[in-house]
Structure formats: C-alpha cells, structure tokens
Amino acid sequence: MTSTIKDVAKMADVSISTVSRVINDSKPVSPEARRRVLHAIDVLDYKPNEVARSLVTKKSNLIGVIVEDIGLNFISRILQGVEEVGKMYNYDILLSSSYKDLKTEVKFANLLLQKQVEGIIVVSNMQNPKLEYKLEEAKIPHVLINNFYQVEKFQASIDFEKASKNMVELLMKKGHKKIASLAVKKDIDRTLERFKVKGYEKAMEEHNLKKVQLFVDGWQSENIEKEKEKIIKTIKEENITAIFTTYDTLAINLINVLYDNGIKVPEDVSVTGFGGGYLSSIYRPRLTTVKMPYYDIGAISIRQILKTISNKEKEIKGEGVLLPIRILERESVKEIKWKRP
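What counts, and at which threshold
Residues numbered from 1 in each chain as written. Predicted model: local features only at pLDDT ≥ 70, side-chain atom pairs only at ≥ 80, totals over all residues. Heavy atoms only, no water. Helix = DSSP H or I, 4+ residues; strand = E, 2+ residues; numbered from the N terminus. Buried < 20%, exposed > 50% of the residue type's maximum accessible area, 1.4 Å probe, protein only. Contact = heavy atoms within 4.5 Å. Areas by Shrake-Rupley, 256 points an atom, 1.4 Å probe, with all protein chains shown as cover. Lys, Arg positive; Asp, Glu negative; His and termini not counted. Charge placed at Lys NZ, Arg CZ, Asp CG, Glu CD. Phe/Tyr/Trp six-rings, centres within 6.5 Å; stacked < 30°, edge-to-face > 60°. Lys NZ or Arg CZ within 6 Å of the ring centre and 35° of its normal. Pairing = 2+ DSSP bridges. Axes fitted to C-alpha atoms, helices over the stretch in contact; angles between N-to-C directions. Salt bridge = Lys/Arg side-chain N within 4 Å of Asp/Glu carboxyl O.

A. Layout of the overall build of the chain. Broken down by element type, the chain carries 13 helices and 12 strands. Each of the three principal axes of the chain carries a C-alpha extent, and together these read 100 × 35 × 35 Å. For the chain, with 341 residues in total, the buried portion stands at 49%. Within the chain, residue pairs in contact and separated by at least 24 positions form 72% of the contacts whose partners lie at least 6 positions apart. Put simply, the chain shows about 18,500 Å² of open surface, and 50% of that area lies on carbon and sulfur atoms. Here the chain holds 56 positive side-chain charges and 46 negative ones, and the gap between their average locations is 2 Å.

B. Examining the environment of Asn253 more closely. With respect to the secondary-structure elements, Asn253 resides in helix 11 (residues 248-260). Sequence separation between Asn253 and Ser221 is 32 residues, and the spatial gap between their C-alpha atoms is 5.2 Å.

C. Focus on the packing of aromatic side chains. Applying the stated rule across the entire model yields seven aromatic pairs. When the centroid spacing of 5.9 Å and the interplanar angle of 25° are considered together, the rings of Phe160 and Phe274 count as stacked. Here Phe274 lies in strand 9 (residues 270-275) and Phe160 lies in helix 8 (residues 160-173), a separation of 114 residues in the sequence. With a relative accessible area of 9%, Phe160 lands in the buried category. Each residue in the set Phe148, Tyr149, Trp219 and Tyr247 is aromatic and connected to the rest through ring pairs, giving one cluster. Positioned above the aromatic ring of Tyr247 is the side chain of Lys196, whose terminal nitrogen or guanidinium carbon lies 3.9 Å from the ring centre. In this structure, Lys196 is placed above the aromatic ring of Phe274, and the distance from its NZ or CZ to the ring centre is 4.4 Å.

D. Representation of the sheet that holds strand 1 (residues 62-67) within the structure. Here four strands make up an open sheet; going across it, the order is 2-1-3-4 and the pairing parallel. The outermost strands of the open sheet, each flanked by one partner alone, are strand 2 (92-97) and strand 4 (142-146). Shown here is a sheet whose adjacent strand axes are inclined to one another by a mean of 15°, direction ignored. Note: strand 3 (residues 119-124) against strand 4, five bridges, orientation parallel. Paired with Val123 across the bridge in strand 4 is Ile145.

E. Broad picture of the pattern of salt bridges. Counted according to the given criterion, the structure contains 16 salt bridges. For Lys228, the salt bridge goes to Glu225, with nearest N and O atoms at 3.3 Å. In this pair, Lys228 and Glu225 both sit in helix 10 (residues 221-237), three residues apart, roughly one turn of the helix. On the basis of relative accessible area, Glu225 is assigned to the partly exposed category, the value being 38%. Notably, a salt bridge pairs Arg286 with Glu331, separated by 3.1 Å at the nearest N-O pair. Here Arg286, found in the loop between helix 12 (278-282) and strand 10 (288-291), pairs with Glu331, found in the segment after strand 12 (327-328); they are 45 residues apart in sequence, far enough to count as distant. Since its relative accessible area comes to 28%, Arg286 is described here as partly exposed. Residue class for Glu331 comes out partly exposed when judged on its relative accessible area of 39%. Sharing partners across several salt bridges, the network here consists of Glu32, Arg35 and Arg36.

Coordinates in, geometry out; function isn't part of it.
Here it is in structure tokens:
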C-alpha cells in the first residue's frame with residue numbers, strides 16, 4: 001500500500017505541515033524534527049505527489065519542448081544543448097514532436113501547460129501564429145527557435161548576412177569571379193533567406209562582380225529538379241564557376257542534379273552550403289559550409305528561460321545573442337588560379 005503524508009507525520013510524531021516544510025524546504029524546521037521526518041520518509045518509501053506539489057510551490061522543474069520533427073539533424077543538435085543545460089539545473093524535459101502539423105503544435109502546448117511546465121521551447125522550420133498567441137496568452141517564458149522564418153523575439157543565432165558575405169568572399173579568395181547564388185524564394189520577405197541573399201549581393205557589389213541569382217521553391221530534390229534546366233542553362237551561359245547556396249540540403253541536392261547532367265563538383269563548379277550538419281561532413285565531396293552553432297542555440301535558449309524563471313518574470317527580455325561565425329572549408333570548393341594575359 002502506498003504511504004501518504006499522514007503516515008510520515010504520524011511516524012515522525014510531527015504535524016502534516018511540518019512534513020510539508022521539510023519536503024519543500026519552505027520554512028525553518030528544527031534539526032531533530034527534520035531528522036525524524038527524513039527517517040520516516042526513508043522507512044516508508046514515501047513519494048510526494050509531484051503534481052500537487054508543483055501546484056503549491058509553483059515549481060515543477062519541467063521545461064516543455066515542441067519540435068517539428070525529432071528526426072531532423074539540426075533539431076537533434078539543439079535538443080542536446082537544451083537537455084544538457086537542463087540537467088545542470090535539475091530540470092527535466094518533456095518532448096513532443098508535431099511532425100509538421102500546426103494544430104498538433106497547439107495541442108501539445110495546451111498539454112504542456114496542463115503539466116505545469118515552467119517554460120516552453122519551440123523548434124521548427126514552420127510559422128504558427130496560433131501557437132505564438134497561445135504562449136503569449138499563457139504568460140509563460142518561451143523561446144521560438146526557427147531555422148527558416150525570422151523570429152522577432154529573443155533568440156540565439158548568428159549574423160546571417162555577415163556569414164553569407166564571408167562565404168562569398170571566401171570563394172573570391174579562391175579565385176572565383178563568376179559566382180551565382182541559389183536560395184529558397186518561399187515567403188522570402190519573412191524568412192532568413194533574405195539576409196543570406198543580401199550578404200551575397202553585398203559581397204558581389206563591393207567587388208564589382210555581376211550578380212547571378214537563382215531561386216527554387218524549397219530545399220528538397222524535387223525543387224531542384226523543377227528548376228534544373230534554368231540552373232544548368234545559367235551555369236553554361238554565365239560561365240559560373242561557383243554557387244553559394246543557403247542550405248546544406250539545397251547544396252547536396254544541387255550537386256546530385258549537376259552530377260546527373262554531366263557537371264562535376266568541384267572540378268566544373270564549386271558549391272557551398274549553410275548549416276554544417278552531419279550530412280555535410282559525410283557526403284562526397286565534403287561540403288564547404290557555414291557552421292550553425294545549433295548546440296549553443298539550444299543551450300542559450302534554455303539558460304534564458306531558466307534565468308527568467310529565477311527572476312520570477314513571465315516574459316524573456318532582451319533582443320537576443322549573436323554567436324560567432326565559423327566557416328568549414330572542405331572539398332566542394334576548388335581554387336582557381338588565373339593565368340596572366
């Protein structure tokens with residue numbers, strides 16, 4: 001039979017409120033009374049009702065995390081940062097995956113709020129205004145981590161425009177002058193793509209080079225296939241020697257399409273990515289890419305939530321944290337040595 005708080009109080013010869021004070025460490029208790037209560041808890045193997053306890057103390061030591069798809073590499077790296085920092089502060093993570101269903105995201109938010117989580121982190125490529133409204137309405141510390149859409153509130157990230165400019169200038173240092181960009185055009189006025197494209201444009205303009213901009217509907221192989229004729233035609237007509245792409249997946253799918261059409265990377269055309277995920281390191285040729293600090297993004301996000309909770313605030317303050325830019329130079333970029341005329 002499960003022991004109750006009354007059983008502990010009776011065995012320790014104290015009041016129920018005294019047992020509660022010892023368990024919650026809320027008010028002073030004499031050393032002798034504390035010793036008897038802890039002994040009774042041990043003997044009776046008493047387990048406090050955590051739900052009831054959290055309702056009283058307003059502390060559940062739980063952080064809810066809603067992800068688009070736990071199978072995505074960038075999400076798993078973010079989760080690693082969230083979990084490891086959570087453990088450091090004795091917080092457990094309640095994880096739910098919506099698998100790209102916006103209604104499911106809202107459903108999980110309601111469920112996590114019922115579980116008395118103290119904060120919520122959302123990791124996604126999607127935009128969900130109903131979910132954002134729900135979290136605002138709940139007045140709970142939360143962070144939105146989005147790998148595609150721009151987030152106006154607090155976030156840990158990098159300067160995408162500067163990172164893109166740095167990558168294009170790296171191509172220039174390798175001798176490339178005929179450089180094209182390949183980006184996702186969907187909702188580009190509201191996504192991070194516009195900053196990446198702006199970085200490309202700025203680099204080309206500062207070096208008085210012609211801008212050649214290509215766009216696709218998404219980063220999957222079918223999106224590249226749909227535009228392959230235009231891409232290949234542009235490469236040949238403009239004598240393109242390098243292509244700056246805005247995602248690793250986009251770069252890898254582009255390399256496959258180019259290979260199927262007799263264009264080799266990097267022998268004929270160099271290609272760069274953006275993300276630095278696991279796939280970029282095992283694909284051949286290994287991808288030169290901007291390394292996104294996903295682990296740090298997760299770690300900083302939960303730290304900010306825990307700081308907000310500690311300060312007894314309902315909303316995260318501050319614009320965000322800019323992290324260092326790192327470019328991984330690999331085999332997908334060829335150095336061109338120009339011959340003197």
